[in-house]
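Next come the chains, spelled out residue by residue.
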Amino acid sequence: MDSRIADYTALSLVIIGAINWGLIGFFKFDLVAFLFGEMSIASRIVYAIVGIAGIYLTTVFGRIRALGKAYD
């Protein structure tokens, strides 16, 4: 699989997660819990997928760093 597809998918998921955290922080409204139920299996899966996407995006730092060294 092309890493750009995985990068954009992970970035989209993390942005959705960030929007949800913003809604929680500003309005005390959890969109995931609203859509899937509070700590239901579905909401836990959504939270887990977003968390995995965030962990995956930490690899982007290494690739950016390697790319920067390639241009030096």
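Before reading further, recall that the structure is shown in the block above.
Residues numbered from 1 in each chain as written. Predicted model: local features only at pLDDT ≥ 70, side-chain atom pairs only at ≥ 80, totals over all residues. Heavy atoms only, no water.

Q: Could you clarify how one ought to interpret helix 1 (residues 3–27) in this entry?
A: Each turn of an α-helix holds 3.6 residues, which means side chains three or four residues apart point in the same direction. A rise of 1.5 Å per residue sets the reference length of helix 1, with its 25 residues, at 36 Å; its end C-alpha atoms lie 35 Å apart and thus fit the reference within 8%. Within helix 1, burial applies to Ala6, Asp7, Ala10, Gly17 and Asn20. Positive phi appears at lysine 28, one or two residues downstream of helix 1, with a value of about 55°. (Helix = DSSP H or I, 4+ residues; strand = E, 2+ residues; numbered from the N terminus. Expected span 1.5 Å × (residues − 1). Buried < 20%, exposed > 50% of the residue type's maximum accessible area, 1.4 Å probe, protein only.)

Q: Before we go on, may I ask you to explain unusual backbone geometry in this structure?
A: When glycine is set aside, most residues are seen to have a negative phi, and most peptide bonds are trans. For lysine 28, which is not glycine, the phi torsion reads 55° and is therefore positive. Within the secondary structure, lysine 28 is located in the loop between helix 1 and helix 2 (31–36). You will see that methionine 39, though not glycine, has its phi angle at about 50°, which is positive. Assessed through its relative accessible area of 55%, methionine 39 is described here as exposed.

Q: Is there a simple way to explain the layout of surface pockets in this structure?
A: Summary: where empty space remains is shown by rolling a probe the size of a single water molecule over the atoms. In this structure, the largest pocket spans a volume of roughly 250 Å³. Forming the walls of the largest pocket are 15 residues, and the residues nearest its centre are Ile16, Gly17, Val32, Val46 and Val50. Counting residues per element, the ones that place at least two in the lining of the largest pocket are helix 1, helix 2 and helix 3 (41–71). At seven residues, helix 1 tops the list of elements feeding residues into the lining of the largest pocket. Grouping the constituent residues of the lining of the largest pocket by class yields 13 nonpolar, two polar and no charged. Lining of the second largest pocket is provided by Arg4, Asp7, Tyr8, Leu11, Leu57, Val60, Arg63 and Ile64. Elements supplying a minimum of two residues to the lining of the second largest pocket: helix 1 and helix 3. Of the residues assigned to the lining of the second largest pocket, the class counts are five nonpolar, no polar and three charged. (1 Å grid on protein atoms, 1.4 Å probe; cavity = no way out; pocket = protein on both sides within 12 Å on 5 of 7 lines; lining within 4 Å. Points joined across faces, edges and corners; volume = space filled by probe spheres on them. Nonpolar A, V, L, I, M, F, W, Y, C, P; charged D, E, K, R; others polar.)

Q: What is the right way to read a nonpolar patch on the surface from this model?
A: On the surface, Phe26, Phe27, Phe29, Leu31, Phe34, Leu35 and Phe36 cluster together to form a nonpolar patch covering roughly 810 Å² of accessible area. Put simply, the parts of the chain that give the nonpolar patch at least two residues each are helix 1 and helix 2. Looking at the nonpolar patch, the element that brings in the most residues is helix 2, giving four residues. The residue phenylalanine 36 is located in helix 2 in this model. Residue class for phenylalanine 36 comes out partly exposed when judged on its relative accessible area of 40%. (Patch = residues over 30% accessible without salt bridge, like charges linked within 9 Å, V, L, I, M, F, W, Y side chains within 5 Å. Areas by Shrake-Rupley, 256 points an atom, 1.4 Å probe, with all protein chains shown as cover. Salt bridge = Lys/Arg side-chain N within 4 Å of Asp/Glu carboxyl O.)

All we've got here are geometric facts, nothing functional implied.
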